[in-house]
Amino acid sequence: MTTRELTRIAMMGTLLYIVFHAFSNILYLELITFTILSFSQVFAKRDTVLACVLFASLHMLLHGVLIWNIAYLLIFPAYGYLFASMKRLFKGHLLVTALAAGICSFLIGQLVDLPFILFSKTVTMFYLLLGLKTSLIQGSLTFIATLFLYEPVQNVLMRIKDQ
């Protein structure tokens, strides 16, 4: 790996951390899925996945090794890999891209609650049901944000990549 690639991955991971925390204070607005999707469509699969691992590791380092932070370490790199693997499907299909972002954003809320099954199935079902409304709104907002922001962000990322 070259210094340029390492720097790009570090910048992408840092940007994921900034996006995650900047929007975590706004109820229901989650744009990290959108950001990972945007990165995966411009940069190499390896770079996107490593940036997600860096983000999750940085998040755990600064906020503690908690069960949902460990879930981030599994979910976000998987999303990066999934989105990068679906580049051809997303190219030229904004509605499909936005739908994928919305569904994956919805799933984050549900997937993060799954590790609680280690403690109790009842607690896990309680968390899943209570979080359903939040996850639905979150997924819908990510779908809408992707419809409006995807193409402008792609243009900027392409210019950055070409420089």
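Residues numbered from 1 in each chain as written. Predicted model: local features only at pLDDT ≥ 70, side-chain atom pairs only at ≥ 80, totals over all residues. Heavy atoms only, no water.

Observations regarding the layout of surface pockets
Piece 1. Its boundaries defined by the atoms lining it, the largest pocket holds a volume of some 500 Å³.
Piece 2. Considering the residues around the largest pocket, the lining is formed by 23 residues, among which Phe20, Glu30, Tyr72, Thr134 and Gln138 are closest to the centre.
Piece 3. Mapped by element, the contributors of at least two residues to the lining of the largest pocket are helix H1 (3-23), helix H4 (67-85), helix H6 (94-113) and helix H7 (121-162).
Piece 4. Partitioning the lining of the largest pocket into residue classes produces 15 nonpolar, six polar and two charged. (1 Å grid on protein atoms, 1.4 Å probe; cavity = no way out; pocket = protein on both sides within 12 Å on 5 of 7 lines; lining within 4 Å. Points joined across faces, edges and corners; volume = space filled by probe spheres on them. Helix = DSSP H or I, 4+ residues; strand = E, 2+ residues; numbered from the N terminus. Nonpolar A, V, L, I, M, F, W, Y, C, P; charged D, E, K, R; others polar.)

Looking at the confidence of the model for the protein
Piece 1. The predicted model of the protein averages 91 in pLDDT, with 98% of residues at 70 or higher.
Piece 2. Ranking the helices and strands of the protein by mean pLDDT puts helix H2 (residues 32-42) first, with 97, and H7 last, with 88. (pLDDT = per-residue confidence, 0-100.)

Digging into the pattern of salt bridges
Piece 1. Per the counting criterion, the structure on display carries three salt bridges.
Piece 2. Of the charged contacts in the structure, one is a salt bridge between Arg46 and Glu5, with a shortest N-O distance of 3.3 Å. Taken as a pair, Arg46 in helix H3 (residues 45-63) and Glu5 in helix H1 lie far apart in primary sequence, 41 residues in all.
Piece 3. Its relative accessible area of 39% is what places Arg46 among the partly exposed residues.
Piece 4. Measuring nitrogen to oxygen at the nearest pair gives 2.8 Å for the salt bridge that ties Asp47 to Arg8. Of this pair, Asp47 sits in helix H3 while Arg8 is found in helix H1, placing the two residues 39 residues apart along the sequence.
Piece 5. On the basis of relative accessible area, Asp47 is assigned to the buried category, the value being 2%.
Piece 6. For Arg8, a relative accessible area of 26% puts it in the partly exposed group. (Salt bridge = Lys/Arg side-chain N within 4 Å of Asp/Glu carboxyl O. Buried < 20%, exposed > 50% of the residue type's maximum accessible area, 1.4 Å probe, protein only.)

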